[in-house]
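Here is how the chains run, residue by residue.
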Amino acid sequence: MQRSHMLVSMVLALLLCVTTVGWAFDGERQGFILGVGVGAGLTSYTQTISDGGFSVTGDRENPFGIMSDFKIGYAPSDVIEIYWMSKVSWFSLENALGDDVTIANGIGGLGVTYFFQSTAPSAFVSGGIGFSSWTAPFEEGAEAWYGIGVSAGAGYEFSPHWYLEGNVCWGKPSTEEYGVDFSTNSLSFKVTLNVIGY
């Protein structure tokens, strides 16, 4: 629980810093962009263990959690942004030993946003492709699983530098240990309040 509070505090502090930096830019969407967001959502996933021809898939789990969003890149015009994105679902699960573990299930890669108007207010659509990850970042010795990941979203910039965005993210991170394959098939639905400097 204390780790969750620390995570939320860090995200809010980052939001405050980016907000301050955001107004130091020229106020035009075209150019360098830097944005962060936080919100809530649901991650639906199954996990599969495979060993040769033998495969077992667990029950589907649907935890709610905190969602974070980060992007950094360049807008070649006032309606198009191209950037590196990181969209992460943070939630808790009980491991095989009965301990609560914080999981970070994320998508990272190349993202593009298209705005329907050159200035706020404006609706927009977004999409991205890259890698997905599954890790327990606060557990000692935990190794991340990686695989392909994609995201699609839409939102509304209701005021310069501020927007709401909804995303659907899919990923299939996996790993292999001692000849046994482990994979997670995850689908996240998230809504975030974002602030962006441009």
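Residues numbered from 1 in each chain as written. Predicted model: local features only at pLDDT ≥ 70, side-chain atom pairs only at ≥ 80, totals over all residues. Heavy atoms only, no water.

### Here's the deal with the overall build of the protein chain
When helices and strands are counted, the protein chain shows one helix and ten strands. Ordering the α and β elements of the protein chain from the N terminus gives α-β-β-β-β-β-β-β-β-β-β. In the protein chain, which comprises 198 residues, the share counted as buried stands at 42%. Partitioning the intrachain contacts of the protein chain with sequence separation of at least 6 by distance along the chain shows that 61% fall at a separation of at least 24. Only carbon and sulfur atoms are counted for the fraction: they give 63% of the accessible area of the protein chain, which is about 10300 Å². (Helix = DSSP H or I, 4+ residues; strand = E, 2+ residues; numbered from the N terminus. Buried < 20%, exposed > 50% of the residue type's maximum accessible area, 1.4 Å probe, protein only. Contact = heavy atoms within 4.5 Å. Areas by Shrake-Rupley, 256 points an atom, 1.4 Å probe, with all protein chains shown as cover.)

### Some words on the confidence of the model for the protein chain
Averaged over every residue, the pLDDT of the protein chain is 87; residues scoring 70 or more account for 86%. The element-level mean pLDDT for the protein chain is lowest in helix α1 (residues 2-22), coming to 51, with strand β8 (residues 162-171) highest at 97. (pLDDT = per-residue confidence, 0-100.)

### Side note on a negative patch on the surface
On the surface, Asp51, Glu143, Glu176, Glu177 and Asp181 cluster together into a patch of negative charge. When you line up the elements, glutamate 177 lands in strand β9 (residues 174-177). (Patch = residues over 30% accessible without salt bridge, like charges linked within 9 Å, V, L, I, M, F, W, Y side chains within 5 Å. Salt bridge = Lys/Arg side-chain N within 4 Å of Asp/Glu carboxyl O. Lys, Arg positive; Asp, Glu negative; His and termini not counted. Charge placed at Lys NZ, Arg CZ, Asp CG, Glu CD.)

### Considering the pattern of salt bridges
Inspection of the entire model under this criterion finds three salt bridges. Between lysine 87 and aspartate 69 there is a salt bridge, with its nearest N and O atoms 2.9 Å apart. Highlighted residues: lysine 87 in strand β4 (residues 80-94) and aspartate 69 in strand β3 (residues 64-75), separated in sequence by 18 residues. Residue class for lysine 87 comes out buried when judged on its relative accessible area of 4%. Put simply, glutamate 81 and lysine 71 hold a salt bridge, and the shortest N to O gap is 2.7 Å. One end of the pair, glutamate 81, is in strand β4; the other, lysine 71, is in strand β3, with ten residues separating them in the sequence.

### Focus on empty space enclosed by the protein
Tallying each qualifying case throughout the model produces two cavities of 30 Å³ or more. Roughly 40 Å³ of volume is contained in the largest cavity. Together, Ser89, Asn105, Gly106, Ile107, Cys169, Trp170, Gly171, Ser186, Ser188 and Lys190 line the largest cavity. Taken together, the elements giving at least two residues each to the lining of the largest cavity come down to β5 (100-115), β8 and β10 (180-197). The volume enclosed by the second largest cavity comes to roughly 30 Å³. In terms of lining, the second largest cavity is formed by Asp69, Lys71, Tyr83, Lys87, Thr113, Ser126, Tyr163 and Glu165. Mapped onto the lining of the second largest cavity, the elements with two or more residues apiece are β3, β4 and β8. (1 Å grid on protein atoms, 1.4 Å probe; cavity = no way out; pocket = protein on both sides within 12 Å on 5 of 7 lines; lining within 4 Å. Points joined across faces, edges and corners; volume = space filled by probe spheres on them.)

### Description of the pairing of β5
Most of β5 is tucked away: twelve of the 16 residues are buried. Examined bridge by bridge, β4 and β5 share 15 bridges and lie antiparallel to one another. Considered in β5, the bridge of valine 88 is made with glycine 106. As paired elements, β5 and strand β6 (residues 122-135) share twelve bridges and run antiparallel to each other. Within β6, the residue paired with phenylalanine 115 across the bridge is phenylalanine 124. The turn linking β5 back onto β6 is made up of six residues. (Pairing = 2+ DSSP bridges.)

### Structural notes on the packing of aromatic side chains
Following the criterion strictly, the structure yields ten aromatic pairs and no others. Geometrically, the ring pair formed by tryptophan 145 and phenylalanine 182 is tilted, given 6.3 Å between the ring centres and 40° between the ring planes. Of this pair, tryptophan 145 sits in strand β7 (residues 145-159) while phenylalanine 182 sits in strand β10, placing them 37 residues apart in sequence. Since its relative accessible area comes to 16%, tryptophan 145 is described here as buried. An aromatic cluster is present here, built from Tyr45, Phe91 and Trp134 joined pairwise through their rings. We note arginine 29 situated over the ring of phenylalanine 115; from NZ or CZ to the ring centre the distance is 3.8 Å. (Phe/Tyr/Trp six-rings, centres within 6.5 Å; stacked < 30°, edge-to-face > 60°. Lys NZ or Arg CZ within 6 Å of the ring centre and 35° of its normal.)

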